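Chain by chain, the residues:
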Amino acid sequence: MAISFDEVQVGTELPAQSFPVTRATLVRYAGASGDFNPIHWNEKFALEVGLPDVIAHGMFTMAEAVRVVTDWVGDPGAVVEYGVRFTRPVPVPNDGVGAVIEVTGKVAALLEDRKVRVDLVATSGGQKVLGMSRAVVRLA
């Protein structure tokens, strides 16, 4: 069922979601994206360059966050703009648990042509990991 522009208003909250991230997730993403930077899989290297641990790929974090929007609207093609600022890395410990990216979203503006702007908040370990995370979505 598609979300109708007439059903939403400024302040409408999207269902929050949590996305687990393990080292295995990072290996799969590296293979899919071709991004084999050792900060995403080699703990020794990550520590040597001053990171707290291996970190999730920024584009992976960005992609997980927008899933809140695509799941809500039901059509990834309805997203007409999306952008973020990377504010903090997501460390992924090798402890069998990993990390969790938690994402909330809220309609922040009603725009022309049945579009809305959704502002997202993405955190991990209680820290905001994306800033200015916004999607413009065309609704039915």
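First, a word on scope: everything that follows refers to the structure included in this document. (Residues numbered from 1 in each chain as written. Predicted model: local features only at pLDDT ≥ 70, side-chain atom pairs only at ≥ 80, totals over all residues. Heavy atoms only, no water.)

### Considering the environment of Ser18
The condition that has to hold: Strands here mean DSSP runs of E at least two residues long; helices mean DSSP runs of H or I at least four residues long; both are numbered from the N terminus. In this scheme, a residue with accessible area under 20% of its type's maximum is buried, one over 50% is exposed, and one in between is partly exposed, where area comes from a 1.4 Å probe on protein chains only. In this description, contact between two residues means that some pair of their heavy atoms is separated by no more than 4.5 Å.
Inspection of the secondary structure puts Ser18 in strand β1 (residues 13–21). Accessibility expressed as a relative area gives 46% for Ser18, which makes it partly exposed. For the pair formed by Ser18 and Gln127, sequence separation is 109 residues and the distance between their alpha carbons is 14 Å. Those residues in contact with Ser18, other than ones at most four positions away along the chain, are Val100, Ile101 and Glu102.

### A look at unusual backbone geometry
The backbone of Asp113 shows a phi angle near 60 degrees, a positive value even though the residue is not glycine. With phi around 60 degrees, Arg114 is a residue other than glycine that occupies positive phi space. Along the chain, the position of Arg114 falls in the loop between β3 (99–110) and β4 (115–124). Overall, the relative accessible area of 33% leaves Arg114 in the partly exposed class.

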